[in-house]
Amino acid sequence: MLRDTFDENTPPKDDPEYISSLAAAIFKAMQSGDDDAVWLMHGWLFAYDPYWQSPQMCMLHNFARNVEMYGFLDSVGSGSVEARVSKNSTMVGVGMSMEGIEQNPVAYDLMSEMAFQHNKIDVMVA
C-alpha cells in the first residue's frame, strides 16, 4: 500500500513520539485488512520538506518539467549504497519520483542502476 501521510503538508506537532504513534495506527489499520501488508512511502518528501531531517534515499530530480541538464550524480552514485549499509538499515530498494523525466537520461539511468550495485560508483571516473 502506498500512503504518504504528510505529502506536501506538515504534521500538526513537531514531536517524534506523535509521528510514531500516527505511523503505528496507520500500519495497524493496514494489517487489519491484510496480515502481510507492506507500507511503501515516497521518500522525496523527506528531502524536499525542511520539516523532515532524517536522511532518506529517493531521487526527486525535477519539479514541474523544468528542462535542464543537471544532477547530483555523486550523491546518486553513493547514496543508495550508504543507506543500504548504514546501521539498522531495512532498505530493500531505491525510489524515483519521476516528474518530468524527459530531460536528463543520465541521472535516471544511474539511479536505476544503483538498485543493483553493491559498491559506490565514483562518477568522476566512471
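In this report, the structure presented in the accompanying data block is examined. (Residues numbered from 1 in each chain as written. Predicted model: local features only at pLDDT ≥ 70, side-chain atom pairs only at ≥ 80, totals over all residues. Heavy atoms only, no water.)

### Regarding the overall build of the protein chain
Within the protein chain, the secondary structure is distributed over 4 helices and 2 strands. Secondary structure elements of the protein chain occur, N-terminal to C-terminal, as α-α-β-α-β-α. Here the protein chain, with 126 residues, has 25% of them falling under the buried criterion. Looking at the protein chain alone, contacts between residues at least 24 apart form 64% of all its contacts between residues at least 6 apart. Here the protein chain has roughly 8,900 Å² of accessible surface; of this, 55% comes from carbon and sulfur atoms. (Helix = DSSP H or I, 4+ residues; strand = E, 2+ residues; numbered from the N terminus. Buried < 20%, exposed > 50% of the residue type's maximum accessible area, 1.4 Å probe, protein only. Contact = heavy atoms within 4.5 Å. Areas by Shrake-Rupley, 256 points an atom, 1.4 Å probe, with all protein chains shown as cover.)

### Structural notes on the nonpolar core
Residues Val 76, Val 81, Leu 110, Met 111 and Met 114 constitute the largest nonpolar core, which totals 5 residues. Breaking this core down by element, the ones donating at least two residues are α3 (73-85) and α4 (105-114). Here the element with the most residues in this core is α4; it accounts for 3 residues. (Core = buried A, V, L, I, M, F, W, Y, C linked by side-chain atoms within 4.5 Å.)

### Some points on the pattern of salt bridges
A side chain of one charge can pair with a side chain of the opposite charge if their charged atoms are brought near each other. Applying the stated rule across the entire model yields 1 salt bridge. When the shortest N-O distance is used, the salt bridge between Lys 120 and Glu 82 registers 2.9 Å. Residue Lys 120 is located in the segment after α4, and its partner Glu 82 is located in helix α3; the two are separated by 38 residues in the primary sequence. (Salt bridge = Lys/Arg side-chain N within 4 Å of Asp/Glu carboxyl O.)

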